[in-house]
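# Secondary and tertiary structure notes
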Amino acid sequence: MEFIDESLICSLLQDETLKDQSLQNEIIEKAKEAKGLSLKDSAALLNISSEDVLDNLFSAARQIKEKIYGNRLVLFAPLYITNACVNNCLYCAFRQDNKELIRKTLTLDEIREEIEFLVGQGHKRILLVAGEHPKKSSMQYLGDAVETIYKVKVNNGNIRRVNINSAPLSIDNFKVLKSFGIGTYQCFQETYHYETYKTMHPSGPKSDYAWRLYAMDRALQAGIDDVGIGSLFGLTDYKFETLAMLSHAFNLDKNYGIGPHTISVPRIEPALNAPAAKNIPFAIDDSSFKKIIAILRLAVPYTGIILSTREKAEFRRELFNVGISQISAGSRTSPGSYKESKESLKEHEMEQFQLGDHRSLDEVVKDCCNLGYMPSFCTACYRSQRTGDRFMELAKSGDIGKICVPNALSTFKEYLIDFASDGTSSVGEEFLNEQISRVNGTTNSKIKKMIERVENGERDVYF
Ligand code: SAM
Ligand code: SF4
């Protein structure tokens, strides 16, 4: 575990020379070349306290995001298939010692019903989420779940990419997982601080720090080449956590020639009978959280940064501007709750509104358009085998935009025709046409042809 060098990280965080504002501004300038940052540079940026330097940081993050991803925001929804769990993570309601939680593992029929709801909303990407349980979330069950999801078809729509967030596996089981046709494998270290990790995970397989830390190495060795890492912010000092998570990303890049495909930045939310969610050990204010996201965008420019609906709508809008590239929308976080919420939508939304962003996909899509972000339902890279180093090469060459822009626009057109409400459809069509007119040359004519094919009834038009 030597690549998470706690003493190096602590010494960087204590280095007074890294608090110098002109040094911080120089690093921000250098970062605009989109070649990433060192750990030391990132430590200097975490020390920013001046409002002016912070503004420079945010503006650089926006520029880099626009250079690499344009104004696109990829949309997805999580699907919780089981909340059975043998671990005892102190921040999670699913932990084994929480006897008040009603445990539920979806049957394949229930999974199909949940997916019918999500596809009916217009989703094309799912993040499958499961507690850790030898029987309830077995490999067989995960495989059957993925197969069930890919089979669902509603109103011209279907799920085209299933990512998965589940417990770490052995190399052999990662090979099995890959054979199910999953996209990204996600697993968050939660905290990279060893002592904090031990306290937060008192029992169960998850109490093994190293088994979890090396999950991505095993996944990559098994041939899953899109992996997603993350930290659960609030468990320890955010500066330590950010530098440790970056150390993980740099180490994957060094050893496998590709860094993580995505980084997730969940913050601890209230959870039933979860002591660390009630008294958050290192709660982070919004301003520091925004700073973390901007620094990640500068440090690993080609890595997708995912923001979930844990954050409130208003704040999410602000974060899109500093480097977020993927967002969940219209999410529910307990097994079976999409179907349930369809039946009692109002009640459900009123009850949970305070906790985060509980708007429907349709509302989020409309909001994105109004804010100037192009909602993308594209899943082309994964299905065209542009994963791992092939994706990174393309992204670094600057050519990804020539592929992603047309794909984003054609999948958005599909969404508008098949799923948008009248209000979203009119806002969306206007936005789409304006976006098409911004593209020049041959790409413009390619886009128009793709849109025409979608208008003529073809679906899943991409390259
Ligand atoms: N059981 C698997 C695991 O722990 O890796 C995957 C599912 S778990 C529900 C997915 C993620 O939810 C965890 O990795 C953790 O970061 C996040 N999570 C747990 N409790 C949370 C809370 N109270 N607030 C926000 N995120 C939380
Ligand atoms: Fe189980 Fe994952 Fe929750 Fe921990 S975070 S209790 S492993 S579901």
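Residues numbered from 1 in each chain as written. Chains lettered and ligands numbered in written order. Predicted model: local features only at pLDDT ≥ 70, side-chain atom pairs only at ≥ 80, totals over all residues. Heavy atoms only, no water.

A separate point is the overall build of the chain. Secondary structure assignment for the chain yields 22 helices and nine strands. Since a compact globule built from 463 residues should have a radius of gyration of about 23 Å, the 21 Å found for the chain is in line with a globular shape. With respect to the three principal axes, the spread of C-alpha positions in the chain is 60 × 55 × 45 Å. Going through the 463 residues of the chain one by one, you find that 59% of them count as buried. Restricting the contact set of the chain to residue pairs at least 6 apart, pairs at least 24 apart contribute 74%. On the chain, roughly 18700 Å² of surface is accessible, and the fraction owed to carbon and sulfur atoms is 49%. For the chain, the distance from the average position of its 57 positive side-chain charges to the average position of its 62 negative side-chain charges is 4 Å. (Helix = DSSP H or I, 4+ residues; strand = E, 2+ residues; numbered from the N terminus. Rg over C-alpha atoms; globule rule 2.2 N^0.38 Å. Buried < 20%, exposed > 50% of the residue type's maximum accessible area, 1.4 Å probe, protein only. Contact = heavy atoms within 4.5 Å. Areas by Shrake-Rupley, 256 points an atom, 1.4 Å probe, with all protein chains shown as cover. Lys, Arg positive; Asp, Glu negative; His and termini not counted. Charge placed at Lys NZ, Arg CZ, Asp CG, Glu CD.)

Before going further, it helps to examine the site of ligand 1. Not every one of the 16 residues close to ligand 1 is listed here, only the nearest: Tyr91, Glu190, Lys206, Arg212 and Glu269. Between Arg212 and ligand 1, the recorded distance is 2.6 Å, taken from a side-chain N or O atom to an oxygen atom. Glu269 is positioned with one of its backbone polar atoms (N or O) 2.9 Å from a nitrogen atom of ligand 1. Starting from 560 Å² of accessible surface for ligand 1 in isolation, the protein chains cover 91%. Along the lines of polarity and charge, the residues of the shell around ligand 1 split into eight nonpolar, two polar and six charged. (Near = heavy atom within 4 Å. Polar contact = N/O pair within 3.5 Å; in protein donor to acceptor, adjacent residues only side chain to side chain. Nonpolar A, V, L, I, M, F, W, Y, C, P; charged D, E, K, R; others polar.)

On to the pattern of salt bridges, then. Under the definition given, this model contains 26 salt bridges. Among the ionic pairs, Arg160 bridges to Asp460, the shortest N-O distance being 3.4 Å. One end of the pair, Arg160, is in the loop between α6 (139-151) and β3 (161-165); the other, Asp460, is in the segment after α22 (441-455), and 300 residues separate them in sequence. Two residues, Glu434 and Arg438, come together in a salt bridge whose shortest N-O distance is 2.8 Å. For Glu434, a relative accessible area of 33% gives the class partly exposed. For Arg438, a relative accessible area of 57% gives the class exposed. One network of salt bridges, with partners in common, ties together Glu314, Arg316, Arg317, Asp357, Arg359 and Asp367. (Salt bridge = Lys/Arg side-chain N within 4 Å of Asp/Glu carboxyl O.)

In terms of nonpolar packing, the biggest core is built from 129 residues, with Leu57, Leu79, Ile81, Ile115, Leu177 and Tyr185 touching the most fellow members. If you tally residues by element for this core, the top one is helix α4 (residues 51-69), at nine residues. When residues of this core are assigned to domains, at least three fall in each of domain 1 (67-380) and domain 2 (399-455). Of all hydrophobic cores here, the second largest spans ten residues; its members include Cys89, Leu232, Leu235 and Ala277. (Core = buried A, V, L, I, M, F, W, Y, C linked by side-chain atoms within 4.5 Å. Domains from an automatic or database assignment.)

Side chains Val227 and Ile229 project from strand β5 (residues 227-230) onto one buried face, and the interleaved Gly228 and Gly230 project onto a second face that is buried too. Pairing of β5 with strand β6 (residues 262-264) involves three bridges; the strand directions are parallel. Bridge pairing links Ile229 to Ile263 in β6. In this region the chain leaves β5, passes through helix α11 (residues 238-256) and returns to the parallel neighbour β6; the handedness of that crossover is right-handed. (Pairing = 2+ DSSP bridges. Right-handed = clockwise from strand over helix to strand, strands pointing away.)

Attention now goes to the site of ligand 2. Ligand 2 sits among Cys85, Asn87, Cys89, Tyr91, Cys92, Phe94, Arg95, Gly131 and Lys206. For the shell around ligand 2, the per-class residue count stands at five nonpolar, two polar and two charged.

The relative placement of two packed helices is expressed as an angle between their axes plus a distance between the axes. Following both chains from N to C, one finds α4 and helix α13 (residues 286-299) inclined at 45°, their axes separated by 9 Å at the closest point. As summarised for this structure, α4 and α13 are arranged oblique, according to the angle between their axes. Read as a crossing pair, α4 and α13 show a hand that is left-handed. For the pair α4 and α13, contact is made by Leu54, Leu57, Phe58, Ala60, Ala61, Ile64, Lys65 and Tyr69 and by Ser287, Lys290, Lys291, Ala294, Ile295, Arg297 and Leu298, respectively. For the contact of α4 with α13, the class distribution of residues is ten nonpolar, one polar and four charged. (Axes fitted to C-alpha atoms, helices over the stretch in contact; angles between N-to-C directions. Parallel < 35°, antiparallel > 145°, perpendicular 65-115°, else oblique. Left-handed = near helix turned anticlockwise from the far one by under 90°.)

The next subject is the packing of aromatic side chains. Following the criterion strictly, the structure yields twelve aromatic pairs and no others. When the centroid spacing of 5.7 Å and the interplanar angle of 90° are considered together, the rings of Phe3 and Tyr214 count as edge-to-face. You can see Phe3 sitting in the segment before α1 (6-14) and its partner Tyr214 sitting in the loop between α9 (209-213) and α10 (215-221), a full 211 residues away along the chain. Using a relative accessible area of 24% as the deciding quantity, one classes Tyr214 as partly exposed. (Phe/Tyr/Trp six-rings, centres within 6.5 Å; stacked < 30°, edge-to-face > 60°.)

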